[in-house]
Amino acid sequence: MSIKRLSPEELLGLDRFNVDEGNPHIIVEKARCAVCAPRPCVTVCPARCYRLKDGQVAFDYAGCLECGTCRVVCKDKGVTSWTYPRASFGITFRCS
Ligand code: SF4
Ligand code: SF4
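Residues numbered from 1 in each chain as written. Chains lettered and ligands numbered in written order. Predicted model: local features only at pLDDT ≥ 70, side-chain atom pairs only at ≥ 80, totals over all residues. Heavy atoms only, no water.

This paragraph deals with the environment of Leu6. You can see Leu6 is positioned in the segment before helix 1 (8-14). The exposure class assigned to Leu6 is partly exposed, which follows from its relative accessible area of 27%. Setting aside residues no more than four positions away along its own chain, Leu6 makes contact with Leu11 and Leu14. (Helix = DSSP H or I, 4+ residues; strand = E, 2+ residues; numbered from the N terminus. Buried < 20%, exposed > 50% of the residue type's maximum accessible area, 1.4 Å probe, protein only. Contact = heavy atoms within 4.5 Å.)

This is how it looks when you write it as structure tokens:
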């Protein structure tokens, strides 16, 4: 039996998401992001939920991998609330 090695992108493509529309598990305060110079969330989020758009940080919780990295690196208190999604929502990690 041979095991196929998958790239990170291929592995992530196997995952399933059930987005809790209208009920974000992470809340980001845009006014605080506007005065945050380093904006580490844009660099470290593996799912690219944080993106620069017209010079401002835009956030979309759909596709979040629930790793918690943004909560740790946000020193300017832009992440005002971080929880796991409600039961049955969020990501289901799959390997095949
Ligand atoms: S690190 Fe925090 S405050 Fe800075 S842009 Fe990201 S979420 Fe906003
Ligand atoms: S928890 Fe992880 S994947 Fe989700 S938004 Fe934060 S850094 Fe990105």
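What follows continues from the structure just given.
Here the focus is the nonpolar core. Generally speaking, nonpolar side chains in soluble globular proteins are found buried as a group. Core analysis: the largest hydrophobic core is formed by twelve residues, namely Ile26, Val28, Cys33, Cys41, Cys45, Cys49, Tyr50, Val57, Cys64, Cys70, Val79 and Trp82. At the level of secondary structure, the elements contributing two or more residues to this core comprise strand 2 (26-28) and strand 5 (79-82). Beyond its immediate sequence surroundings of up to four residues, Val28 is in contact with Cys33, Tyr50, Phe59, Gly78, Val79 and Thr80. (Core = buried A, V, L, I, M, F, W, Y, C linked by side-chain atoms within 4.5 Å.)

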